Amino acid sequence: MRALLWRDLRLAVRAGGGFGLSLAFFLIVCTLVPFGVGAGGGQLSRIAPGILWVGALLACLLSLDRIFALDHEDGSLDLLATAPLPLEGVVAIKALAHWLVTGLPLVVFSPLLGVLLHLPDAAQIWLVLSLLIGTPALSMLGAFGAAITVGLRRGGLLMSLLVLPLYVPTLIFGAEMVRRGAIGLDVTTPLVFLAGITLATLALVPFAAAAALRVNLR
Amino acid sequence: MSIWEYANPVKFLRTSGTVLPWIVAGAALCTIGGLVWGFLTPDDYRQGSTVKIVFLHVPAALMAINAWLMMLVASLIWLIRRHHVSALAAKAAAPVGAVMTLIALITGAIWGQPMWGTWWEWDPRLTSFLVLFLFYLGYMALWEAIEDPDSAADLTGLLCLVGSVFALLSRYAVNFWNQGLHQGASLSVAPGERMSAIYRYPLYLSMLGFFLLFLALVLIRTRTEIRRRRLAALLAREHRA
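Here is what the cut-offs are and how they apply
- Residues numbered from 1 in each chain as written.
- Chains lettered and ligands numbered in written order.
- Predicted model: local features only at pLDDT ≥ 70, side-chain atom pairs only at ≥ 80, totals over all residues.
- Helix = DSSP H or I, 4+ residues; strand = E, 2+ residues; numbered from the N terminus.
- Buried ≥ 20, exposed ≤ 12 C-beta atoms within 10 Å, placed from the backbone.
- Contact = placed C-beta atoms within 7 Å.
- Rg over C-alpha atoms; globule rule 2.2 N^0.38 Å.
- Nonpolar A, V, L, I, M, F, W, Y, C, P; charged D, E, K, R; others polar.
- Axes fitted to C-alpha atoms, helices over the stretch in contact; angles between N-to-C directions.
- Parallel < 35°, antiparallel > 145°, perpendicular 65-115°, else oblique.
- Left-handed = near helix turned anticlockwise from the far one by under 90°.
- Core = buried A, V, L, I, M, F, W, Y, C linked by C-beta atoms within 7 Å.
- pLDDT = per-residue confidence, 0-100.
- Expected span 1.5 Å × (residues − 1).

The helix and strand inventory of chain B stands at six helices and zero strands. The secondary structure elements of chain B, listed N-terminal to C-terminal, are α-α-α-α-α-α. Going through the 241 residues of chain B one by one, you find that 39% of them count as buried. Expressed as a percentage of contacts within chain B between residues at least 6 apart in sequence, the contacts between residues at least 24 apart total 78%.

What chain A contains, in helices and strands, is ten helices and zero strands. Listed by position from the N terminus, the elements making up chain A come as α-α-α-α-α-α-α-α-α-α. Over its C-alpha atoms chain A spans a radius of gyration of 18 Å, differing by no more than 12% from the 17 Å that the globule rule assigns to 218 residues. By principal-axis analysis of the C-alpha atoms, chain A measures approximately 55 × 35 × 30 Å. Burial status across chain A gives 49% buried among its 218 residues.

Between chain A and chain B, the residue contacts involve 19 residues of the former and 23 residues of the latter. Looking at the side of chain A that touches chain B, the elements with two or more residues in it are helix 7 (121-148), helix 8 (155-166), helix 9 (168-182) and helix 10 (188-216) of chain A. Among the residues making up the side of chain A that touches chain B, the classes are represented as 16 nonpolar, one polar and two charged.

This next bit is on the packing of helix 1 (residues 9-40) of chain B against helix 6 (residues 197-240) of chain B. Residue and element names in this part refer to chain B. Where helix 1 meets helix 6, the axes come as close as 7 Å, and the angle between the chain directions of the two elements is 150°. As far as their axial angle goes, helix 6 and helix 1 are roughly antiparallel. For the pair helix 1 and helix 6, the sense of crossing is left-handed. Residue classes in the contact of helix 1 with helix 6 are distributed as 20 nonpolar, eight polar and one charged.

Next up on the list: the nonpolar core. Soluble globular proteins tend to pack their nonpolar side chains together in the buried interior. Residues and elements named next belong to chain A. Core analysis: the largest hydrophobic core is formed by 137 residues, its most contacted members being Val91, Phe144, Ala147, Ala209 and Ala212. Broken down by element, the residue count for this core peaks at 14 residues, all from helix 7. Not counting residues within four places of it along the chain, the set of residues in contact with Ala147 comprises Phe68, Val91, Ala209, Ala212, Leu213 and Asn216.

Right, let's get into the packing of helix 3 (residues 43-62) of chain A against helix 6 (residues 87-116) of chain A. Relative orientation and spacing of two packed helices are given, respectively, by the angle between their axes and the distance between those axes. Residue and element names in this part refer to chain A. Put simply, helix 3 and helix 6 touch, their axes get as near as 11 Å, and they point 155° apart. Taken together, helix 3 and helix 6 sit at an angle that is classed as roughly antiparallel. The chirality of how helix 3 crosses helix 6 is right-handed. Residues Ala48, Leu52, Ala56, Ala59 and Cys60 of helix 3 pack against Thr102, Gly103, Leu106, Ser110, Leu113 and Gly114 of helix 6. Here the contact of helix 3 with helix 6 is built from residues that sort into seven nonpolar, four polar and no charged.

In low-pLDDT regions, the fine details of the predicted coordinates are not to be read closely. The share of residues in chain B with pLDDT of 70 or more is 90%, and the mean pLDDT across the chain is 85. Overall fold confidence for the complex sits at a pTM of 0.87, while the interface term, ipTM, reaches 0.84.

The next thing to look at is the environment of Val174(B). Residue and element names in this part refer to chain B. Tracing the chain through its elements places Val174 in helix 5 (residues 149-177). Judged by local crowding, Val174 falls into the buried class, with 22 C-beta atoms found within 10 Å. Measuring from C-alpha to C-alpha, the distance between Val174 and Asp148 comes to 37 Å, with 26 residues separating the pair along the chain.

Within the fold, Ala98(B) resides in helix 3 (residues 84-116). Once residues lying within four places of it in the same chain are set aside, the contact partners of Ala98(B) are Phe133(B), Tyr136(B), Leu137(B) and Met140(B).

Moving on, we come to helix 9 of chain A. Residue and element names in this part refer to chain A. The first and last C-alpha atoms of helix 9 sit 21 Å apart over 15 residues, in line with the 21 Å expected at 1.5 Å per residue. Most of helix 9 sits out of view: 15 of its 15 residues are buried. In the segment just after helix 9, Gly184 is the residue with positive phi, at about 80°.

Moving on to unusual backbone geometry. Look at His118(A): it is not a glycine, yet its phi comes out positive at around 55°. Within the element layout of this structure, His118(A) appears in the loop between helix 6 and helix 7. A count of 15 C-beta atoms within 10 Å places His118(A) in the partly exposed class. Positive phi outside glycine occurs at Arg82(B), with the angle close to 55°. Tracing the backbone through its elements, the reader meets Arg82(B) in the loop between helix 2 (54-81) and helix 3. A count of 13 C-beta atoms within 10 Å places Arg82(B) in the partly exposed class.

Moving on, we come to the environment of Leu129(A). Residue and element names in this part refer to chain A. Within the secondary structure layout, Leu129 lies in helix 7. Taking the number of C-beta atoms within 10 Å as the measure of exposure, Leu129 has 19 and is therefore partly exposed. Taking the C-alpha atoms as reference, Leu129 lies 9.3 Å from Gly174; in sequence the two are 45 residues apart.

Here you go:
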C-alpha cells in the first residue's frame, strides 16, 4: 500500500500539471469573483465562505479524471486489480494520493485566499478546519465518480454531472461552518455533521468505487 | 407462484400485456377525473383559483420521489439477483420520474409567483427537488453513455445506491441551510390541519391517477426496452450467421 501511495505521489509531482494546477485554478476562481460581483461594500467578506468552498470543490473536480484514467490506459489498473491488495484498498490509497496532491495544498493556502476575499479573521481558523475535514470526502466521492466513468472516452463532463450532486451536503455543511465562524456563532453542529459525512464516506464509498472498477475491468 | 417468475421476460411481457390496457384506462379515468373534479372545486378564500394547481403539483411531487424509490428497489434486485427485467424497469422509470420532478418544479413556480411573489426561492423543499432532478439527469446520462448493457445496468445501479444516500442527506442538509417558505405536508392526518374535504377527495383521486399513470408509463417503457434488447440480440445473431 505504501509503495502504491509513493508511486502515485511521485507520478503526480514528476509528470507535471497535476500538483500545482488545481491550486492555480483555485487562485484564479478567487481572483475572478471580485471582478464579477464587485469588491466594495463588504459584500465580498459576506460571500467569501461560499466562494472559497465552491472554488475548492471545482479545483478538486478538475483533477478527478487523473485518479484512474491514466492507469486504465496503460494497463496498470488491471495489474493492480489482480494484485494481492484488495481493490477497495487501492481505491482508498488513490483517493488519499489525490487528496494529498490537490486537497492538502488547498487547505494550506486557503487562509491566503481568505485574506484576498476579506474573510473575517475569526473565520480563518474555521475555513482551514472545515476544508481539512471536508476535502477528504470530496476526493473519496470523486474517486467513486472516476471509477464509474473510467471506461468512457468522454467521461469528464459526465463525471462532473454525476459527482457534483454528491458534493451538495459536504458543501452545505462546510460553507455553513465558515459562515457561522465568521459571525461568531457556535460551529459545533455543522462541524459534527461535516465530520460525520467525511467519516461515513471514507468508510463506505471505497466499496462502491471498487465494485464500479470491477465492472469496468470486466 | 412467486414474484420472481416475472423475472422471465416472456412471462413479464405476457402478463403486463394483459393488465396494461386496464391500467391505462384506470390512469386516464382517475387522472382526468381528478383534474376535472379538482378544477370544478370552488376557489379558496385566500388563495383564489391558484389553489387548483395542487391537484397537479402534489401528485407529481409524490411520484417524483416514489419513482426514485422504485428505481432504488429495482437496482437492488438487479445487483443482488441479476434479473434483467428489473434493471430495464429502473432504466424505464428514470425519465418518467425526471418529468414528474420537472412538473412539480414548474407548477410550483407558477403557483409561487402570485402567492409568494417569486418564481423561485431557495427553500429546502424546492432546492432538494432541484438536486433530485440533477440526480435523475446524471442517472439517465450514465445509461446513455455506456454501450455494454450489463455494465451500464451495474454502474447505474451503483450510482442509484450511492445517489439515494446522498439525495436523502441533501434533503435534510438543506433544511439546515435555509429556512423554509414552503408549507408543511399537504395531507396531514391531524384533524385540525387537514385540508377541507372538497379539496381532499379530488386530490386523492388525482394521486391515484398519477400513480396508475406512472405504472402504465413504466410498464410500456419496460416492454419497449425488452423488445429493443431482443431486437439487438436478433441482429447480432444475423451478423454472425
